[in-house]
2 protein chains.
Amino acid sequence: MRNLLSIVSWVWFYCSWTTHGEVFTSIGQMTDLIHTEKELVQSLREYIRAEEYKLAAVKNWASKLDALTQVSTSDPEGYLAHPVNAYKLMKRLNTEWPELESLVLQNPSDGFVANMSVHRQYFPDAEDQTGAAKALMRLQDTYQLDSEAFSKGKLPGVHSNAELTVDDCFDMGKTAYNDADYYHAVLWFQQSLKQLDGGEEAVVSKAEILDYLSYSVYQ
Amino acid sequence: MRNLLSIVSWVWFYCSWTTHGEVFTSIGQMTDLIHTEKELVQSLREYIRAEEYKLAAVKNWASKLDALTQVSTSDPEGYLAHPVNAYKLMKRLNTEWPELESLVLQNPSDGFVANMSVHRQYFPDAEDQTGAAKALMRLQDTYQLDSEAFSKGKLPGVHSNAELTVDDCFDMGKTAYNDADYYHAVLWFQQSLKQLDGGEEAVVSKAEILDYLSYSVYQ
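Just so you know, these numbers come straight off a predicted model, no measurement behind them.

Draft legend 1. Representation of the overall build of chain A within the structure. What chain A contains, in helices and strands, is 10 helices and zero strands. A burial count over chain A gives 47% of its 219 residues as buried. Taking the contacts inside chain A whose residues are at least 6 apart along the sequence as the reference set, 67% of them involve residues at least 24 apart.

Given below as structure tokens:
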């Protein structure tokens, strides 16, 4: 059973979030989102299978045509001297290439995109995400946790591998920054930089983090 | 040097075709098409590379989410008890899933499709393809070749591996059939059937060939 501290931190997180009136306050709603995400992953897997199937067909055609054009371009007149070759060239250009083009233009993502559309209305929005980030920072203050401990998921009484990436830390920093909360902004940009320097991969660049960090420091 | 018979058969093919006024009568035009085809294959290879790159990114995300949702769905409340997990779920649904959807909706085929559009105006059309098929049949009559020899590319004086597939033979048959030339139609449907029974792979089904063949036989 989870211990008391865990429950306290959880309740604190959700309560401090609720005070700002965000939508995703009930554990039930959050649990629904977890199941939605699972469904989206399955739908994505189906899309991947369809795309791989399509790509295999295109690659098969490309290999066949690679071999063919190597022969035909090495001696075009010799190639065309055979009437069967001339007929087959006609057929390829009139029928088969346009068929291949239709295949290439297909995007077998309909199922996945439809699934996204159905669920998107229940997704948290930017305000919810900002609310959750701010709730994390309030929790950080309450337990006087440094950003590194937080980023590594080391919360009192919670045993889990929940970690924040470089990009997560940078987004935490930006949330504080946009709220003119430069104290937390500096903490999180520094943590982001530390993890990036530690060799973690990230979408955000070092220059961008430094840019935000230097501005925050001088406020 | 190609021998006289080869030249004669080639000239016969192109002349008998010319008499029907088709466009692709000069060896120069046909040679241009060969080089166009080579260019299209290169363009297709670029599309394949881009599609593989996109698919790798989508698969990478799917693998990451597979692992994540296995943990989150096995104990949703335990998962959400960690505030960092709750924040990251918000972020994924508000930011990352929509980004993935945009990636999925991309079809990196623009270059290939543009290349097809540029060249399509010079492609042979259905009439050209039919003209080439009929020219082959006239050649067949002149040299009194059976369809099998023809299909295997065995033309007098021509040494090449130009072969007709089951589908090619079926299309030859259909050209004759549509022209009410049931004599050649039967020959080519039979050849198509023979190659299919021999184990060759084909798009056309046995039932479809038999359907056309039986109708042609009773004319």
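Draft legend 2. Seen up close, the confidence of the model for chain A. Residue and element names in this part refer to chain A. Looking at chain A, pLDDT values average 87 and 88% of them are 70 or higher. Per-residue pLDDT, averaged within each element of chain A, yields its smallest value for helix α1 (residues 4-18) (52) and its largest for helix α10 (residues 206-217) (96). Ignoring residues within four places in sequence, the model shows residues 1-8, a span with pLDDT below 50, making 13 contacts including any to other chains. The model gives residues 19-23 a pLDDT under 50, and that stretch makes seven contacts with residues more than four places away or in other chains.

Draft legend 3. Spatial organisation of the interface of chain B and chain A. Listed by partner, the interface residues are 93 residues for chain B and 93 residues for chain A. Of the roughly 8200 Å² buried between chain B and chain A, counting both surfaces, carbon and sulfur atoms make up 68%. Looking only at chain B, the three residues that lose the most surface to chain A are Glu37, Tyr87 and Met90 of chain B, adding up to 10% of its buried area. In this structure, Asp66 of chain A engages Arg45 of chain B in a salt bridge whose closest nitrogen and oxygen atoms are separated by 2.8 Å. Seen at the junction of chain B and chain A, the total is 30 residue pairs in polar contact (both at pLDDT 80 or more). Every element with two or more residues in the side of chain B that touches chain A is listed here: α1 (4-18), α2 (27-74), α3 (76-80), α4 (83-105), α5 (110-120), α6 (126-142) and α8 (166-178) of chain B. Top contributing element to the side of chain B that touches chain A by residue count: α2 of chain B, with 29 residues. Residue classes in the side of chain B that touches chain A are distributed as 51 nonpolar, 20 polar and 22 charged.

Draft legend 4. Representation of the side chain of Asp168 of chain B. Relative to the helices and strands, Asp168 of chain B is located in helix α8. For Asp168 of chain B, the side chain forms a polar contact with the side chain of Lys91 of chain A, separated by 2.6 Å. When residues no more than four places from it in sequence are discounted, the contact partners of Asp168 of chain B are Tyr87, Lys88 and Lys91 of chain A together with Glu163 of chain B.

Draft legend 5. Spatial organisation of unusual backbone geometry. With phi around 50 degrees, Gln144 of chain A is a residue other than glycine that occupies positive phi space. Of note, Gln144 of chain A is situated in the loop between α6 (126-142) and α7 (147-151).

Draft legend 6. Quick look at the packing of aromatic side chains. Taken as a whole and assessed by the stated rule, the structure comprises 20 aromatic pairs over all chains. Ring centres of Trp97 of chain A and Phe112 of chain B lie 6.2 Å apart, and the angle between their planes is 40 degrees; this geometry places the pair in the tilted category. Remark: Phe112 of chain B occurs in helix α5 and Trp97 of chain A occurs in helix α4 (residues 83-105); the pair is interchain, linking two chains. Summarising the aromatic geometry, the rings of Phe150 of chain B and Trp188 of chain B are spaced 6.0 Å apart at their centres and angled 75 degrees between planes, so their arrangement reads as edge-to-face.

Draft legend 7. Quick peek at the relation of the copies chain B and chain A. In the superposition of chain B on chain A (RMSD 0.1 Å, axial shift 0.0 Å), the rotation amounts to 180 degrees. Here the copies are linked by what is in effect a two-fold axis. Among all residues of chain B, the minimum C-alpha distance to the rotation axis is found for Asn107 of chain B, at 3.5 Å. When the interface residues of chain B are mapped onto chain A, 100% of them again fall at the interface, so both copies present the same face.

Scoring rules and cut-offs
- Each chain has its residues counted from 1, running along the sequence as written.
- The naming scheme follows written order: chains are lettered A onward, ligands numbered 1 onward.
- With pLDDT at 70 or above as the cut-off, local features in this predicted model cover only qualifying residues; side-chain atom pairs require 80 or more to be listed or tallied, and sums for whole chains, interfaces and linings still use all residues.
- To get the side-chain values, take all heavy atoms of the structure and skip hydrogens and water.
- In this text, helices come from DSSP runs of H or I with a minimum length of four residues, and strands from runs of E with a minimum of two, each type numbered from the N-terminal end.
- Burial classification: accessible surface area is computed with a 1.4 Å probe over protein chains only, and a residue below 20% of its type maximum counts as buried, one above 50% as exposed, and the rest as partly exposed.
- The contact criterion used throughout is that any non-hydrogen atoms of two residues lie within 4.5 Å.
- pLDDT expresses how confident the predictor is about each individual residue, on a scale running from 0 to 100.
- Buried area is a sum: the accessible area each of two parts loses on coming together, probed at 1.4 Å, counted once for each and added.
- Any carboxyl oxygen of Asp or Glu within 4 Å of a side-chain nitrogen of Lys or Arg constitutes a salt bridge here.
- By the criterion applied in these results, polar contacts are pairs of N or O atoms within 3.5 Å in which, for protein atoms, one can donate a hydrogen and the other can accept it, and in which residues neighboring in sequence qualify only through two side-chain atoms.
- In this classification, the charged set is Asp, Glu, Lys and Arg, the nonpolar set is Ala, Val, Leu, Ile, Met, Phe, Trp, Tyr, Cys and Pro, and all remaining amino acids, among them Gly, are polar.
- Aromatic pairing here means that ring centres of Phe, Tyr or Trp (its six-membered ring) are within 6.5 Å. Orientation follows from the plane angle: under 30 degrees is stacked, over 60 is edge-to-face, and everything else is tilted.
- Least squares is the method for superposing the copies, and the C-alpha atoms it fits come from residues with pLDDT of at least 70 in both.

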